[in-house]
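Chain by chain, the residues:
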Number of protein chains: 2
Amino acid sequence: MRATIMYGAGDVRVENVPDPSIVEPTDAILRVVRACICGSDLWPYNDMPRSTTGQSMGHEAIGVVEAVGRDVRRVKRGQVVVMPFAFSDGTCEFCSEGLPTACVHGGFLGNGGLNGAQAEALRIPLADGTLYPLDVTEADARMPSLLTLSDVMGTGHHAAVVARVAPGQRVAVVGDGAVGLCGVIAAKRLGAEQIIILGRRPDRIALARELGATDVVSERGQEAVERVRALTGGRGAHAVLECVGTRDATLTSIEIARPGGAVGRVGVPHYDAVPGAARTFFKNVIVGGGPAPVRAYIDELLPEILDGRIDPGRVFDRSVGLDGVPDGYRAMNARESIKVMVTP
Amino acid sequence: MRATIMYGAGDVRVENVPDPSIVEPTDAILRVVRACICGSDLWPYNDMPRSTTGQSMGHEAIGVVEAVGRDVRRVKRGQVVVMPFAFSDGTCEFCSEGLPTACVHGGFLGNGGLNGAQAEALRIPLADGTLYPLDVTEADARMPSLLTLSDVMGTGHHAAVVARVAPGQRVAVVGDGAVGLCGVIAAKRLGAEQIIILGRRPDRIALARELGATDVVSERGQEAVERVRALTGGRGAHAVLECVGTRDATLTSIEIARPGGAVGRVGVPHYDAVPGAARTFFKNVIVGGGPAPVRAYIDELLPEILDGRIDPGRVFDRSVGLDGVPDGYRAMNARESIKVMVTP
């Protein structure tokens with residue numbers, strides 16, 4: 001079958017690889033119906049050291065179960081399922097508490113020798129705990145929005161949950177990528193009164209406004225901080241969704257948080273220490289977040305996708321086949337595209 | 001009157017100063033019945049640059065109201081009151097939300113030209129919002145515990161609240177100073193099942209055990225982390241109370257937190273950035289905390305002091321008059337004393 005392998009920064013290839021097969025009795029084989037390229041895939045696209053074996057890419061998918069191991073009980077052949085970016089047993093203490101990304105038997109797909117989802121198919125460990133069956137066909141028109149349940153919508157939602165968005169609040173979303181845009185959707189459905197997006201690309205800002213953003217701040221650094229303060233009566237935002245992952249974006253997030261507020265970080269951190277230790281302290285601002293437990297959020301988000309109340313699939317502005325994946329990376333990295341959907 | 005002035009590291013003097021007087025119509029004058037020396041006073045005791053004017057010290061007190069300005073309505077002459085370390089108007093949006101340390105008209109006592117409480121008397125701004133009247137006499141035997149409502153008990157409680165201590169949880173308290181010991185009390189009354197104190201001084205550890213600590217970890221750094229992991233089934237603590245304020249203590253707190261857990265910081269941070277940005281992220285650990293809104297916690301804590309359910313006054317192991325304050329600083333700094341009470 002064909003799969004996407006990254007051999008180093010800027011070097012993404014679609015190649016023939018062996019078909020996946022059941023290894024553990026708890027595995028399933030997923031035929032990929034839709035996958036996508038993640039903003040976090042752009043980090044290695046920019047800084048991955050050259051590798052002779054390469055890294056199989058992709059951790060977001062919807063697919064059809066092709067085969068199951070002999071110990072798989074809940075997931076059935078032929079089901080259309082969401083594949084969250086983390087695999088998890090569904091039964092450990094962390095899974096039971098709603099944090100499957102900390103599953104004691106879990107891990108991340110498209111990592112550590114496992115195949116990625118930008119491929120025709122892949123092996124799914126712990127299939128019963130990991131895969132979320134949907135009651136739709138693979139031709140369903142809502143497929144783009146359903147696909148976001150595997151990562152990006154759940155991740156934006158996680159930022160909003162950790163930042164404790166509540167009805168009537170002032171919310172700031174730092175970053176206008178696909179996660180930030182899903183953060184806008186999440187903040188709106190959780191009842192935010194004001195949603196300020198910090199970003200500067202006209203197409204993304206326009207979409208953010210359609211999705212619920214009430215204000216736009218296109219400045220950066222201290223100027224952005226002052227603009228947000230001005231927009232929030234001098235106080236700052238109750239909840240800040242950090243959807244970038246750089247030190248600067250994190251410091252901005254902390255600076256614009258209202259005393260007693262919270263910052264939800266979902267951008268994979270590319271910094272060693274969280275800046276502003278005294279700022280967060282003297283304002284009593286909470287900083288939290290991490291890999292989103294998207295599996296645990298599907299129950300809450302799925303009904304709103306099915307009935308059209310939210311439409312996070314709008315973050316996809318380009319659709320490619322497997323052959324188009326390398327150019328998809330290039331386009332996302334060049335900010336020509338917000339997020340690329342892949343139909344193998 | 002006599003008051004404590006610090007002129008530089010290690011240089012604490014008790015001197016005659018002008019009596020305090022009403023400046024604003026919202027002021028009160030407080031005659032100090034009990035004050036104390038705070039662990040945070042030891043930071044300037046170790047690193048304050050030499051000053052010719054000096055800094056008036058002390059931010060924790062119980063006292064009797066001697067005089068009130070013409071706009072003071074609620075507080076009356078002759079009342080015994082708790083003086084929280086922050087003054088606040090009691091009416092702004094932050095005070096209404098339970099965060100008086102962020103009061104838009106507030107500030108910190110013993111700072112910025114205001115007199116401190118290690119003195120015979122001091123001026124209290126915004127008396128109606130700041131002072132908390134008690135229905136006790138100044139001879140009350142519970143005075144040491146009541147005094148802790150001005151800072152140290154409320155601060156330990158804040159660490160526990162931010163760290164989201166809940167019934168049945170495993171809790172770790174980093175630091176065996178007076179705040180850490182109050183953190184043990186706070187964790188116990190909030191229902192923690194296991195309370196691990198990280199500290200190494202025998203007298204403090206013995207007291208921690210009496211107050212509710214179930215386990216003691218006297219190692220430091222990576223050894224401490226491994227000991228806590230071993231004591232918590234390999235998982236770490238649901239809630240970690242950081243009661244020191246150094247980078248190392250903060251990093252230890254982060255390392256021993258369980259995935260999905262929280263760290264409540266109440267040690268004034270002596271570091272620029274919160275270490276372990278990737279550790280907190282991949283574990284989805286929340287880091288929060290700051291100056292405790294102790295004024296807002298008195299309603300909850302006072303009844304338990306009055307009926308003897310908690311006895312945080314046990315953190316005082318030395319009592320001095322004003323003349324003894326300089327030696328009290330020396331003794332606390334040398335770790336000969338946990339916390340010094342001052343009876344002017």
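Criteria and thresholds
- Residues numbered from 1 in each chain as written.
- Chains lettered and ligands numbered in written order.
- Predicted model: local features only at pLDDT ≥ 70, side-chain atom pairs only at ≥ 80, totals over all residues.
- Heavy atoms only, no water.
- UniProt positions renumbered as here; feature names shortened; annotations may be inferred.
- Axes fitted to C-alpha atoms, helices over the stretch in contact; angles between N-to-C directions.
- Helix = DSSP H or I, 4+ residues; strand = E, 2+ residues; numbered from the N terminus.
- Parallel < 35°, antiparallel > 145°, perpendicular 65-115°, else oblique.
- Left-handed = near helix turned anticlockwise from the far one by under 90°.
- Contact = heavy atoms within 4.5 Å.
- Buried area = accessible area lost by both parts, 1.4 Å probe.
- Salt bridge = Lys/Arg side-chain N within 4 Å of Asp/Glu carboxyl O.
- Polar contact = N/O pair within 3.5 Å; in protein donor to acceptor, adjacent residues only side chain to side chain.
- Nonpolar A, V, L, I, M, F, W, Y, C, P; charged D, E, K, R; others polar.
- Buried < 20%, exposed > 50% of the residue type's maximum accessible area, 1.4 Å probe, protein only.
- Pairing = 2+ DSSP bridges.
- Right-handed = clockwise from strand over helix to strand, strands pointing away.
- Arc of directions from axis to C-beta.

Labelled according to an unreviewed UniProt entry, chain A appears under the name Threonine dehydrogenase, originating from Sandaracinus amylolyticus. Entered under Sequence similarities (unreviewed entry) in the UniProt record, the comment concerning chain A runs "Belongs to the zinc-containing alcohol dehydrogenase family."

Draft legend 1. Here's a closer look at the packing of helix 6 (residues 178-189) of chain B against helix 7 (residues 202-211) of chain B. Residues and elements named next belong to chain B. Running from amino to carboxyl end, helix 6 crosses helix 7 at an angle of 15 degrees, the nearest separation of the two axes being 9 Å. Comparing the axis directions of helix 6 and helix 7 gives the class roughly parallel. Between helix 6 and helix 7 lies a crossing of right-handed hand. Residue-level inspection shows Leu-181, Val-184, Ile-185 and Lys-188 of helix 6 in contact with helix 7, the latter providing Arg-204, Leu-207, Ala-208 and Leu-211.

Draft legend 2. Region of the structure containing the interface of chain B and chain A. The interface of chain B with chain A comprises 37 residues on the first partner and 37 residues on the second. Interface area, chain B with chain A, both sides summed: about 2,900 Å², of which 60% is carbon and sulfur. The tally of links between chain B and chain A comes to six salt bridges. A salt bridge links Glu93(A) to Arg258(B); the shortest N-O distance between them is 2.8 Å. Across the chain B-chain A interface, the total number found is 20 residue pairs in polar contact (both at pLDDT 80 or more). If you list the elements that add at least two residues to the side of chain B that touches chain A, you get helix 2 (93-96), strand 15 (257-265), helix 10 (277-283) and strand 16 (286-289) of chain B. Broken down by element, the side of chain B that touches chain A gets its largest block of residues, six residues, from helix 10 of chain B. Broken down by class, the residue content of the side of chain B that touches chain A amounts to 20 nonpolar, 10 polar and seven charged.

Draft legend 3. Region of interest: the pairing of strand 14 (residues 237-242) of chain A. Residues and elements named next belong to chain A. With six of its six residues buried, strand 14 lies for the most part within the structure. Alignment of strand 11 (residues 170-174) against strand 14, held across four bridges, turns out to be parallel. By the bridge assignment for strand 14, Ala-172 is matched with Val-240. Alignment of strand 14 against strand 15 (residues 257-265), held across five bridges, turns out to be parallel. For Val-240, the partnering residue across the bridge sits in strand 15 and is Val-263. With respect to chirality, the unit in which strand 14 leads through helix 9 (residues 247-255) into the neighbouring parallel strand 15 is right-handed.

Draft legend 4. Seen up close, helix 12 (residues 325-333) of chain A. All names here are of chain A. All buried positions along helix 12 are accounted for by Val-325, Gly-328, Tyr-329, Ala-331 and Met-332. Down the axis, helix 12 shows its buried residues gathered within 165 degrees of arc, on one side only. As for helix 12, its buried residues are in contact with strand 1 (2-8), strand 2 (11-16), helix 1 (42-47), strand 17 (318-320) and strand 18 (340-342). One or two steps after helix 12, the chain reaches Arg-335, where phi turns positive at roughly 60 degrees.

Draft legend 5. The sheet that holds strand 2 (residues 11-16) of chain B, seen in detail. Residues and elements named next belong to chain B. Spatial strand order, 2-1-4: three strands in an open sheet with antiparallel pairing. Each having just a single partner strand, strand 2 and strand 4 (55-56) make up the two edges of the open sheet. With six bridges connecting them, strand 1 (residues 2-8) and strand 2 associate as antiparallel partners. Within strand 2, the position partnered with Ile-5 by the bridge is Arg-13. Contacts between helix 12 (residues 325-333) and the sheet are confined to strand 1 and strand 2, with strand 2 contributing the most and set at about 160 degrees to the helix.

Draft legend 6. Representation of the sheet that holds strand 1 of chain A. All names here are of chain A. An order of 2-1-4 is seen for the three strands of this open sheet, with the pairing classed as antiparallel. Strand pairing shows two members of the sheet lacking a second neighbour, strand 2 and strand 4 (55-56), which therefore form its edges. Here strand 1 runs beside strand 4; their pairing, made up of two bridges, is antiparallel. Paired with Ile-5 across the bridge in strand 4 is Ser-56. This element, helix 12, spans strand 1 and strand 2 of the sheet and lies at about 160 degrees to strand 2.

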